[in-house]
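Here are the chains, one letter per residue:
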Amino acid sequence: MSSALAFQTAAQLSDQLAARQMSAVELAQACLAQVRATDGRINAFLSLDEADILAQARESDARRAAGQARSPLDGVPVGLKDVIAVRNQPLTCGSRMLEKFVSPYDATAALGLKNAGAVLFGRLNMDEFAMGSSTENSAYKTTANPWDTSRIPGGSSGGSAAAVAAGQVPVSLGSDTGGSIRQPASLCGIVGLKPTYGLISRYGLVAYASSLDQIGPFGHTVEDVAMTLQTIAGHDEKDSTSFRTEIPDYRAALAQRRGPWKLGVPKEYFGEGLAPEVRASVEQAIAWYRAQGCEIREVSLPHTEYAVSAYYIIATAEASSNLARYDGIRYTHRSAKSTDAIDIYHHSRAEGFGPEVKRRIILGTYVLSSGYYDAYYGRAQKVRTLIRQDFLDAFREVDALLTPTSPTVAFKKGEKTANPLEMYLADIFTISLNLAGLPGVSVPCGFSPEGLPIGLQIVGRPFQEAELLAIAHAYERAHDFNTKHPAL
Amino acid sequence: MPDTPNNVDIDYVASLARLALTPEEKATFSRQLGDVLAYIEKLKQADVSGVEPTAHAFDVHNVWAADVPAPGLSVEDALRNAPAQRDNMISVPKVVE
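Given the structure is predicted, the values throughout are model-derived calculations rather than measurements.

**Observations concerning the overall build of chain B**
Point 1. In terms of helices and strands, chain B carries three helices and two strands.
Point 2. If you list the helices and strands of chain B from N to C, you get α-α-α-β-β.
Point 3. Against the globule reference of 13 Å for 97 residues, chain B gives a C-alpha radius of gyration of 23 Å, more extended than a compact globule.
Point 4. For chain B, the spread of C-alpha atoms along the principal axes amounts to about 55 × 45 × 25 Å.
Point 5. Looking at chain B as a whole, 30% of its 97 residues are labelled buried.
Point 6. Accessible surface, chain B as shown: approximately 6600 Å² in total, 52% of it carbon and sulfur.
Point 7. Both charge centroids of chain B, one from 8 positive and one from 15 negative side chains, sit 7 Å from each other.

Below, the structure is given as structure tokens:
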């Protein structure tokens with residue numbers, strides 16, 4: 001869709017479908033053409049079921065012809081990170097462990113999209129089991145950043161971000177445990193939202209760290225993200241941690257809520273390690289809000305320096321427990337080397353998991369093991385309380401916080417693969433929100449001198465996504481960063 | 001913390017995790033985990049006296065569901081991903097002699 005359709009927003013495509021200027025089948029074919037034209041270089045997709053996509057599009061056209069379109073997203077293609085189950089589709093999680101797995105049921109978020117009439121469009125690449133910040137931990141392929149194919153797209157939802165940034169699909173879903181939606185959105189120059197923990201059901205989202213994981217949307221605009229969020233938000237009996245809360249009309253709220261807002265700037269997010277070009281762009285964004293009449297206050301989140309440590313204890317501990325299910329017995333790869341039942345576990349896991357997953361399972365097992373539990377896991381949970389309290393204190397003074405999303409622009413492929421700790425520090429501005437359960441959105445706020453996108457992270461109060469998205473939307477509509485696209 | 005970094009008993013931890021590691025993996029992971037654990041030592045500096053642990057960001061209480069039978073996965077769906085099966089069951093090597 002080099003053509004007129006690539007890079008159009010879901011809202012624009014939705015209007016054209018409603019006006020019968022094109023059919024859902026034509027739109028799906030245009031997206032397929034863009035994938036064919038660009039994915040040899042981008043490698044965003046792990047699989048794509050063309051026949052199924054076109055069948056969904058035909059059903060959408062039939063509904064529309066009968067005057068029964070289900071939502072503004074009816075007929076709009078949505079890509080899914082390969083960690084969200086869709087019945088009868090693959091679900092590899094970027095792992096050899098699940099190479100042949102076919103989902104027997106739909107994730108609740110996938111069902112939400114189906115109920116809205118969206119066309120579920122392909123399975124998007126990711127770091128294995130969502131562990132990583134560059135998508136280089138996929139067992140299958142390395143996704144490229146569409147702005148510079150020698151660089152990584154971020155991770156772990158790198159395929160979901162790159163597919164939107166490359167104009168292959170207008171919107172997509174990812175998952176965010178420590179920054180896996182916001183960081184790739186920032187590095188690929190698009191909008192990505194991690195909702196409040198519990199806003200979206202995790203049923204059918206393959207678990208990494210259950211107390212931190214959350215599904216969320218990517219799009220070119222805040223409006224597209226709001227429209228997509230609408231279809232997947234809400235309580236679900238199948239996930240007892242999903243919250244009973246009223247779901248507002250997120251798209252309508254963008255126009256209704258106009259500020260001015262009180263916005264906090266946490267000083268701990270502007271220290272050492274922040275690249276100068278990122279600092280400059282984020283400071284300009286802060287200045288813009290001030291010029292609009294928003295009150296800007298410096299705030300302090302004093303326990304920020306402990307966040308990465310607490311996160312890598314809690315996340316790996318939960319992962320070591322969650323990933324125990326991949327045992328070679330019921331639905332995974334089974335090693336041919338095994339001779340007895342216990343041996344099956346050891347060898348199937350050795351063959352099925354890649355290095356980063358093994359590393360995190362070992363770390364998580366270690367911090368939970370007898371004698372170390374209190375010193376590591378117990379202490380990390382207490383620090384989590386302190387980190388959360390920092391945010392709640394700040395939100396007594398301000399409506400939202402403004403920070404960089406990522407300390408740097410997209411780095412080169414291979415640059416950090418040899419040093420896991422350095423890779424972990426790529427999440428330094430995003431992981432606190434997962435520990436605190438808060439919503440955060442990354443919106444494009446500039447480009448580095450070499451033309452790489454920079455993202456502004458806006459942090460909201462729990463379950464106040466409508467306000468958060470309105471704050472992001474106000475900035476976006478006054479700037480044109482999101483209308484620039486990579487030359488492919 | 002009770003341990004100085006770099007002395008993770010990798011064989012013991014790998015056996016707890018039911019994960020066969022090659023000698024190369026053991027060497028690499030020991031070194032890398034030593035680096036990560038050294039970094040995590042920072043947590044020692046946080047004053048957590050009197051602080052309650054957080055398991056979940058929001059209060060999650062036990063959720064009761066009505067005990068009503070409902071259809072689950074069909075046998076076919078439940079077995080479609082099994083690495084080996086026989087007579088509607090997952091087959092595994094002999095567990096008891």
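What follows picks up the thread again.
**Topic: the environment of Trp64 of chain B**
Point 1. Along the chain, Trp64 of chain B falls in the loop between helix H2 (23–40) and helix H3 (75–79).
Point 2. With 34 residues separating them along the chain, Trp64 of chain B and Ser30 of chain B place their C-alpha atoms 44 Å apart.

**Focus: the sheet that holds strand E10 (residues 440–447) of chain A**
Residues and elements named next belong to chain A.
Point 1. Spatial ordering of the open sheet is given by E1-E3-E2-E4-E6-E5-E10-E11-E9-E7-E8, a layout of 11 strands whose pairing is mixed. A single partner strand is all that each edge strand has here, and the edge strands are strand E1 (45–47) and strand E8 (295–299). Strand-to-strand, the axes of this sheet are offset by a mean angle of 35°, without reference to chain direction.
Point 2. Where strand E2 (residues 77–81) and strand E3 (residues 119–124) come together, four bridges link them in parallel fashion. Looking across to E3, one finds that Val78 is bridged to Leu120.
Point 3. In this fold helix H16 (residues 465–477) packs onto strand E5 (191–194), strand E7 (262–266), strand E9 (400–404), E10 and strand E11 (453–459), with an angle of close to 10° to the strand it touches most, E10.

**Describing the nonpolar core**
Residues and elements named next belong to chain A.
Point 1. Membership of the largest hydrophobic core comes to 177 residues, with the highest contact counts inside it found for Phe129, Tyr289, Phe391 and Ile458.
Point 2. Residue contributions to this core peak at 10 residues, all from helix H10 (residues 307–322).
Point 3. In this structure Tyr289 touches Leu263, Cys294, Ile296, Leu402, Leu456, Ile458, Ile471, Ala472 and Tyr475, once residues within four positions along its chain are discounted.
Point 4. Ile152, Leu187, Met423 and Ala426 belong to the second-largest nonpolar core, a separate cluster that totals six residues.

**Digging into the interface of chain B and chain A**
Point 1. Every contact between the two is made by 54 residues of chain B and, on the other side, 69 residues of chain A.
Point 2. Of the roughly 5400 Å² buried where chain B meets chain A, counting both sides, 68% is carbon and sulfur surface.
Point 3. Run the count over chain B and chain A and you get two salt bridges.
Point 4. Scanning the region where chain B abuts chain A turns up 19 residue pairs in polar contact (both at pLDDT 80 or more).
Point 5. At nine residues, the largest contribution of residues to the side of chain B that touches chain A is made by H2 of chain B.
Point 6. Tallied by class, residues from the side of chain B that touches chain A come to 35 nonpolar, seven polar and 12 charged.

**Description of the packing of aromatic side chains**
Each aromatic ring pair is specified by the distance between its two centres and by the angle formed by the two planes.
Residues and elements named next belong to chain A.
Point 1. Per the counting criterion, the structure on display carries 22 aromatic pairs over all chains.
Point 2. An angle of 55° between the planes, with centres 5.2 Å apart, marks the rings of Trp147 and Phe447 as tilted. Taken together, the residues span a long stretch of sequence, with Trp147 in the loop between E3 and helix H5 (158–165) and Phe447 in strand E10 at a distance of 300 residues.
Point 3. Ring-pair connections join several aromatic residues into one group, and the members of that group are Phe101, Phe129, Tyr326, Tyr331 and Phe353.
Point 4. Directly above the aromatic system of Phe411 lies the positively charged group of Lys416, at a separation of 4.4 Å from the ring centroid.

**What to know about the pairing of E9 of chain A**
Residue and element names in this part refer to chain A.
Point 1. Most of E9 is tucked away: five of the five residues are buried.
Point 2. Residues of E9 alternate between two faces, with Ala400, Leu402 and Pro404 on one and Leu401 and Thr403 on the opposite face, all of them buried.
Point 3. Judged from the two bridges that link them, E7 and E9 form a sheet pairing that is parallel. When the sheet's bridge partners are listed, Leu263 is paired in E9 with Ala400.
Point 4. As paired strands, E9 and E11 are joined by four bridges and run antiparallel to one another.

Calculation criteria
- Residues numbered from 1 in each chain as written.
- Chains lettered and ligands numbered in written order.
- Predicted model: local features only at pLDDT ≥ 70, side-chain atom pairs only at ≥ 80, totals over all residues.
- Heavy atoms only, no water.
- Helix = DSSP H or I, 4+ residues; strand = E, 2+ residues; numbered from the N terminus.
- Rg over C-alpha atoms; globule rule 2.2 N^0.38 Å.
- Buried < 20%, exposed > 50% of the residue type's maximum accessible area, 1.4 Å probe, protein only.
- Areas by Shrake-Rupley, 256 points an atom, 1.4 Å probe, with all protein chains shown as cover.
- Lys, Arg positive; Asp, Glu negative; His and termini not counted.
- Charge placed at Lys NZ, Arg CZ, Asp CG, Glu CD.
- Pairing = 2+ DSSP bridges.
- Axes fitted to C-alpha atoms, helices over the stretch in contact; angles between N-to-C directions.
- Contact = heavy atoms within 4.5 Å.
- Core = buried A, V, L, I, M, F, W, Y, C linked by side-chain atoms within 4.5 Å.
- Buried area = accessible area lost by both parts, 1.4 Å probe.
- Salt bridge = Lys/Arg side-chain N within 4 Å of Asp/Glu carboxyl O.
- Polar contact = N/O pair within 3.5 Å; in protein donor to acceptor, adjacent residues only side chain to side chain.
- Nonpolar A, V, L, I, M, F, W, Y, C, P; charged D, E, K, R; others polar.
- Phe/Tyr/Trp six-rings, centres within 6.5 Å; stacked < 30°, edge-to-face > 60°.
- Lys NZ or Arg CZ within 6 Å of the ring centre and 35° of its normal.

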